[in-house]
Amino acid sequence: MARITIAIDGPSGAGKSTIAKLVAKKLDLDYIDTGAMYRAVGYKMLKEGIPMVEDETLAEMLDRTTIDFSKGDTILDGQVVSGLIRTQEISKAASDCSAFATVRKKLVELQQAMGKTKNVIMDGRDICTVVLKDAPYKFYLTASEDERARRRHKELVEKGEDITFEKVLADIKERDYNDSHRAVTPLKQAEDALLIDSSNMTIDEVVNFICDRVNSR
Ligand code: DC
């Protein structure tokens, strides 16, 4: 059977990872959450007190960094960090460090290697435009700012974070701006990616929409 490669891009809180996980299950694909890889780098920078600038200290840190996935967990230097990288603080650090060309080069190479040998669904900001440019299935998943903030706020509150809706909305706006205005491969919809606006769609509807496209080929 031909290999299946699905690429999904879109802004923060559009539901990419929730959807991608479910599609992966339905179509028996490996799910690669590239946002988690930027989060892992942001987490390590904060943990080691590395300043948020692009310099030799960062390059040296990247040289001694390994990131992988195992059974749905994100593994940084051999340690599970899945829970540790899901805070607002790390969201900001991930967005900041994702603007650095050295970080993007390292992670894009890792992601391309992961996508080469397996059937994958990969989500992020530059998957359709850079990482898996030749993927046969490309989607740009988005939703209104309000709806994305509402979903993210619910998720954070359920995890026990004490945060207001207004703060989450402001963070989403700031990250949207950073992600789509950075100099290196900013977030944008690839010309050949299919737009899905999930503001008024259920999770199942989006999952079925993607699976139908794949199954119909
Ligand atoms: O999808 P996420 O919120 O976990 O991503 C965290 C940050 O990483 C986000 O602000 C943008 C960045 N990112 C990126 O620049 N390129 C990717 N392929 C994935 C994420």
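The present account deals with the structure reproduced in this document.

Reading the values: the criteria
- Residues numbered from 1 in each chain as written.
- Predicted model: local features only at pLDDT ≥ 70, side-chain atom pairs only at ≥ 80, totals over all residues.
- Heavy atoms only, no water.
- Near = heavy atom within 4 Å.
- Polar contact = N/O pair within 3.5 Å; in protein donor to acceptor, adjacent residues only side chain to side chain.
- Areas by Shrake-Rupley, 256 points an atom, 1.4 Å probe, with all protein chains shown as cover.
- Pairing = 2+ DSSP bridges.
- Helix = DSSP H or I, 4+ residues; strand = E, 2+ residues; numbered from the N terminus.
- Axes fitted to C-alpha atoms, helices over the stretch in contact; angles between N-to-C directions.
- Contact = heavy atoms within 4.5 Å.
- Core = buried A, V, L, I, M, F, W, Y, C linked by side-chain atoms within 4.5 Å.
- Buried < 20%, exposed > 50% of the residue type's maximum accessible area, 1.4 Å probe, protein only.
- Parallel < 35°, antiparallel > 145°, perpendicular 65-115°, else oblique.
- Left-handed = near helix turned anticlockwise from the far one by under 90°.
- Nonpolar A, V, L, I, M, F, W, Y, C, P; charged D, E, K, R; others polar.
- Expected span 1.5 Å × (residues − 1).
- Arc of directions from axis to C-beta.

1. Examining the site of the ligand
Moving on, step 1. Neighbouring the ligand are 17 residues, the closest being Arg39, Arg104, Arg125, Asp126 and Arg182.
Moving on, step 2. Ser98 places a polar side-chain atom, nitrogen or oxygen, 3.5 Å from an oxygen atom of the ligand.
Moving on, step 3. At 3.2 Å from an oxygen atom of the ligand is found a side-chain nitrogen or oxygen belonging to Asp179.
Moving on, step 4. Relative to its free-state accessible area of 450 Å², the ligand is covered by the protein chains to the extent of 96%.

2. Let's talk about the sheet that holds strand 1 (residues 5-9)
Moving on, step 1. An order of 2-6-1-7-8 is seen for the five strands of this open sheet, with the pairing classed as parallel. The open sheet is flanked by strand 2 (30-33) and strand 8 (194-197), the only strands paired with a single partner. On average, each strand axis in the sheet is tilted by 20° relative to the strand beside it, whichever way the strands run.
Moving on, step 2. Here helix 2 (residues 34-47) sits on the sheet and contacts strand 2 and strand 6 (120-124); the angle it forms with strand 2, its principal contact strand, is near 40°.

3. Thoughts on the nonpolar core
Moving on, step 1. Ranked by size, the top nonpolar core spans 36 residues in total, and within it Val41, Met45, Val103 and Leu132 carry the most contacts.
Moving on, step 2. Considering each element in turn, this core owes the most residues, seven residues, to helix 2.
Moving on, step 3. With residues near it in sequence (within four places) discarded, Leu132 still touches Thr5, Ala7, Val120, Met122, Ile127 and Lys138.
Moving on, step 4. Ranked by size, the runner-up nonpolar core spans 21 residues in total, among them Ala14, Leu29, Ile121 and Val206.

4. Notes on the environment of Lys159
Moving on, step 1. You can see Lys159 is positioned in the loop between helix 7 (145-158) and helix 8 (165-181).
Moving on, step 2. Along the primary structure Lys159 and Arg86 are separated by 73 residues, whereas in three dimensions their C-alpha atoms are 9.6 Å apart.
Moving on, step 3. In terms of polar contacts, Lys159 uses its side chain to reach the backbone carbonyl oxygen of Arg86, at 2.9 Å.

5. Concerning the packing of helix 4 (residues 88-97) against helix 8
Moving on, step 1. Axis separation between helix 4 and helix 8 bottoms out at 10 Å; the angle between their running directions is 15°. In this view, helix 4 runs roughly parallel relative to helix 8, as classed from their interaxial angle. The chirality of how helix 4 crosses helix 8 is left-handed. Across from Gln88, Ser91, Lys92, Ser95 and Asp96 in helix 4, the residues of helix 8 making contact are Asp171, Glu174, Arg175, Asn178 and Asp179.
Moving on, step 2. Taken together, the residues that form the contact of helix 4 with helix 8 break down as no nonpolar, four polar and six charged.

6. Focus: unusual backbone geometry
Moving on, step 1. Despite not being glycine, Lys71 has its phi angle at roughly 50°, a positive value.
Moving on, step 2. Checked against the element boundaries, Lys71 lands in the loop between strand 3 (67-70) and strand 4 (73-76).
Moving on, step 3. Residue Asp77 is not a glycine yet carries a positive backbone phi of 50°.
Moving on, step 4. Along the chain, Asp77 turns up in the loop between strand 4 and strand 5 (79-80).

7. Concerning helix 8
Moving on, step 1. Compared with an ideal rise of 1.5 Å per residue, which puts 17 residues at 24 Å, helix 8 spans 24 Å between its outermost C-alpha atoms and is within 8% of the ideal.
Moving on, step 2. Listed in full, the buried residues belonging to helix 8 are Val168, Leu169, Asp171, Ile172, Arg175, Asp176 and Asp179. Considered in projection along helix 8, the buried side chains sweep an arc of 160° and stay on one side of the axis. Turned more than 90 degrees from where helix 8 packs its buried face, Glu166, Tyr177 and His181 sit exposed.
Moving on, step 3. On the buried face of helix 8, the contacting elements are helix 2, helix 4 and helix 7.

8. With respect to the sheet that holds strand 5
Moving on, step 1. Taken together, three strands build an open sheet; the order of strands is 3-4-5 and the sheet is antiparallel. Two strands close off the open sheet at either side, each with one partner strand: strand 3 and strand 5.
Moving on, step 2. Pairing geometry for strand 4 and strand 5, over two bridges, is antiparallel. Its bridge partner lying in strand 5, Ile75 is registered against Val80.
Moving on, step 3. Contacting strand 3 and strand 4, helix 2 runs over the sheet at an angle of about 125° to strand 3.

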